[in-house]
Amino acid sequence: MWQLAEKTIASRFLLGTAQYPSLDVMRDAIIAAETQVITVSLRRQRPSNTHENTFWDSIKTLNCHLLPNTAGCHSAQDAITTAEIAREVFGTHWIKLEVIGDDYNLQPDPFELVAAARELVKRGFEVFPYCTDDFIVCQRLIDCGCKILMPWAAPIGTGKGIIHPDALLMLRTRLPHVTLIIDAGIGKPSHAAHAMEMGFDGVLLNTAVANAMDPIMMASAFKDAIHAGHQAFLAGTMRERNTAQPSTSLLDTPFWHQET
């Protein structure tokens, strides 16, 4: 069990709800993941649309904590407005804050992100900011009152895994008391295990599961990888060495001396 904001939960796997081939597959993948937190986009809320109504009916049966996001926002004001509407629609003060600065790599705008976070914290939101691995930006978000940070492993949807491990490891080392969840760029279960082995508190992903040939099986694979990575971190992984060292001691090896 671990503490995510004011909630005590068991799973360290947070999962998105977009891009699945069908609602049934989405639901079954979420169940297979054993996640307790799922992200949802306000922009999918269209009461007049029968498909969207079915989507929300399906989401409600999962009994997961909802983490609405501000996907598609490009300014602090747009994100703040979206967050306020999401709080009304979903009945939660949690918000995954996304303020995109570049449509090519979907990198967040650090200036608008910090401005939006500062205002949303003042308004009583628990802000989960999607950010890069830039330590200064992360520190500014903490200064604004953010208790949770969600740095990327790589740009959204690339599946490259952790491209700047040293930067992420520095975040974990310099911010030991901040909840850090890897968000974006994870493509394989091994990527997620690597993040957890580094000491991160959780992993949020969507595309790697939703776009898999078998999303349900992939969700289960990620669940196991995240658990294994966290267990490895708790157990304490061995340090890398630059030289080989025998795993079997030679102290008790008999040496025969033959007189000549």
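The structure this text deals with has already been given above.
Okay, so let's go over this structure. Remember, predicted model here, so these are calculated numbers, not experimental data. (Residues numbered from 1 in each chain as written. Predicted model: local features only at pLDDT ≥ 70, side-chain atom pairs only at ≥ 80, totals over all residues. Heavy atoms only, no water.)

Here's the deal with the packing of aromatic side chains
Each pair of aromatic rings is reported with the distance of its centres and the angle of its planes.
Part 1: Evaluated as defined, the whole model comprises 3 aromatic pairs.
Part 2: Here the aromatic rings of tyrosine 130 and tryptophan 152 are separated by 6.5 Å at their centres, their planes lie at 65°, and the arrangement is edge-to-face. Remark: tryptophan 152 occurs in the loop between β8 (148-151) and α6 (165-174) and tyrosine 130 occurs in strand β7 (residues 126-131); sequence separation between them is 22 residues.
Part 3: Among the residues examined, tyrosine 130 registers a relative accessible area of 1% and is labelled buried.
Part 4: Over the face of the ring belonging to phenylalanine 125 we find arginine 87, whose NZ or CZ atom lies 3.8 Å from the ring centre. (Phe/Tyr/Trp six-rings, centres within 6.5 Å; stacked < 30°, edge-to-face > 60°. Helix = DSSP H or I, 4+ residues; strand = E, 2+ residues; numbered from the N terminus. Buried < 20%, exposed > 50% of the residue type's maximum accessible area, 1.4 Å probe, protein only. Lys NZ or Arg CZ within 6 Å of the ring centre and 35° of its normal.)

A closer look at the packing of helix α4 (residues 110-122) against helix α5 (residues 135-143)
Part 1: The contact between α4 and α5 brings their axes to 9 Å, and the two run at 15°. For the element pair α4 / α5, the angle class is roughly parallel. Here the hand of the crossing between α4 and α5 comes out right-handed. Residues Pro110, Leu113, Val114 and Ala117 of α4 form the contact with α5, whose own contacting residues are Val137, Arg140 and Leu141.
Part 2: Taken together, the residues of the contact of α4 with α5 break down into 6 nonpolar, no polar and 1 charged. (Axes fitted to C-alpha atoms, helices over the stretch in contact; angles between N-to-C directions. Parallel < 35°, antiparallel > 145°, perpendicular 65-115°, else oblique. Left-handed = near helix turned anticlockwise from the far one by under 90°. Contact = heavy atoms within 4.5 Å. Nonpolar A, V, L, I, M, F, W, Y, C, P; charged D, E, K, R; others polar.)

Some points on the environment of leucine 113
Part 1: Among the structural elements, leucine 113 can be located in helix α4.
Part 2: Between the alpha carbons of leucine 113 and valine 99 there is a distance of 5.6 Å; along the sequence they are 14 residues apart.
Part 3: Every residue in contact with leucine 113, bar those within four places of it in the chain, is listed here: Leu97, Val99, Pro108, Pro129, Tyr130, Cys131 and Leu141.

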